[in-house]
Amino acid sequence: MNTDRYQRQIILKGFGNEAQEKLSKAKILVVGAGGLGCPALQYLAAAGVGCIGIADHDVVEISNLHRQVLFSLADVGLMKVDVAANRIKQLNPDLKVDVYPISIDKLNALEIISKYDLVFDGTDNFESRYIINDACTALKKPLVFAAVSGFEGQLAVFNLDDERGINTNYRDLFPIPPKAGEIPNCAENGVLGVVPGVIGTMAAGEIIKIITGIGKPLANRLVHYNMLTQQQYEITISPSDEYKKMNCEADFIEVHKPNLTENYIEIDVDEMNALRTRPSTLIIDVRERHEFPRLNTSVYRQIPMSEFESFATSVINEENIVLICQHGVRSIGAAEILHQKYKGTKNIFSLKGGIAKWRNYFLNQ
Amino acid sequence: MKIEKMHIEIISFGKISELMDNQTIEIEGVGNTDELKQYLEKKYPALAEMKYKLALNKNIVQQNAQLKNHDCIAIMPPFSGG
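Residues numbered from 1 in each chain as written. Chains lettered and ligands numbered in written order. Predicted model: local features only at pLDDT ≥ 70, side-chain atom pairs only at ≥ 80, totals over all residues.

1. Quick word on the pairing of strand S3 (residues 96–100) of chain A
Line of reasoning, step 1. One ladder, built from five bridges, connects strand S2 (residues 51–55) of chain A with S3 of chain A; its direction is parallel. Bridged to Ala 55 of chain A within S3 of chain A is Tyr 100 of chain A. (Pairing = 2+ DSSP bridges. Helix = DSSP H or I, 4+ residues; strand = E, 2+ residues; numbered from the N terminus.)

Shown next as structure tokens:
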């Protein structure tokens, strides 16, 4: 270990070689190499964390660049995990980086998370957030949670005992996940780039505190940050009795078992293509009108999620309805809305992974 | 027992702050957080459709809690963006 590199933090009172040594032995998993993940990765790598895992299934898009500061224009179309891993290794060659070019899902969460000491959740959807939260809770791993919306952000530390020996997790705040599409994401609601920059950097600070044992981590506290007023509002979290806390891997598997009755079917691009040639098929792009890439609206009818509820009240004649969006998350929300209306009398499909995953297919048409 | 008029400070976040400004409300006949939820959801019907959690004087409300004059209620939605 080159201690010159870390000299300015080693000389800090209460830090020293001992804390630096702890960082160099730490294994941190960063889930989501987006607006929150990028600054966290930069500061963790710079601070001398020994091993960092990066999980993200997405490629870099041009609309990411205003907030995802590890990426440049030349990286558009490349896997985020690969670009991020290269950048942070350039920053600190001592660093060991594991890349997972996939989503953390109910099938792989326990296996991947169990390899790390601490997890950072900087994902952009509730499905992933609940899986990560539950797997960390079941495995008793500290979890640094960060989320943003518009000009505001939230930061908390879960599964870490406070001085009374009490710990909490995201289900103590919101025991039941919101329905798909219920809460707007960054693509629908917008976000100022600097907001995940601030929150992701504060998250890196919490991670360094937890690993080195300095200061007072945000255990059982949630900080709400508003950039427009530059105010923070801190809320103390206490355990909820509205859900059964996960204490072991079996508890996780019990909650996250595969669905037996599907309200809709998730398909890949080949299956969508096959459906497209069949009569009585309607393909709907539920992204908002400002989103890229733009698709041919004579093939992909555009009905943004913000108008979908009112659209769903109209009569649809087609038997097969395929819903698509950027990442395959909002399209599930739309599929649920149509299922509520048609109750199995139509075939409802959602393109898994969305346009981002099948980018080449959509761009080559 | 007649419940006295009370002043309660309301602080809201995210999408909920688009429904209501931060403000101090004067309420009568509202004595606890469950009743306050009903009052707010009646006054702001869109709130009833949203997921949110209350904090009373900066502590998460896990079960119905008594309100007293000059208490502060924060209304927090879940955020998912990254």
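2. Notes on the interface of chain B and chain A
Line of reasoning, step 1. Across the contact, 18 residues belong to chain B and 34 residues belong to chain A.
Line of reasoning, step 2. The set of elements that each furnish at least two residues to the side of chain B that touches chain A consists of strand S3 (53–56), strand S4 (59–60) and strand S5 (72–76) of chain B.
Line of reasoning, step 3. Split by residue class, the side of chain B that touches chain A holds nine nonpolar, six polar and three charged. (Contact = placed C-beta atoms within 7 Å. Nonpolar A, V, L, I, M, F, W, Y, C, P; charged D, E, K, R; others polar.)

3. A look at the nonpolar core
All names here are of chain A.
Line of reasoning, step 1. Within the largest apolar cluster, 91 residues are counted, with the highest numbers of intra-cluster contacts made by Ile 28, Leu 41, Leu 44, Ala 203 and Ile 207.
Line of reasoning, step 2. Considering each element in turn, this core owes the most residues, nine residues, to helix H8 (residues 194–212).
Line of reasoning, step 3. Filtering out sequence-adjacent residues up to four positions away, Leu 41 remains in contact with Val 30, Ala 33, Ile 52, Ile 54, Leu 70, Ala 84 and Ile 88.
Line of reasoning, step 4. Core analysis: the next-biggest nonpolar cluster, separate from the first, contains 21 residues, Tyr 264, Val 286, Ile 324 and Ala 335 among them. (Core = buried A, V, L, I, M, F, W, Y, C linked by C-beta atoms within 7 Å. Buried ≥ 20, exposed ≤ 12 C-beta atoms within 10 Å, placed from the backbone.)

4. Comments concerning the domain arrangement of chain A
Line of reasoning, step 1. Partitioning chain A into domains gives domain 1 (7–255) and domain 2 (265–363).
Line of reasoning, step 2. Contact with domain 1 of chain A, which involves eleven residues of that partner, is made by 13 residues of domain 2 of chain A. (Domains from an automatic or database assignment.)

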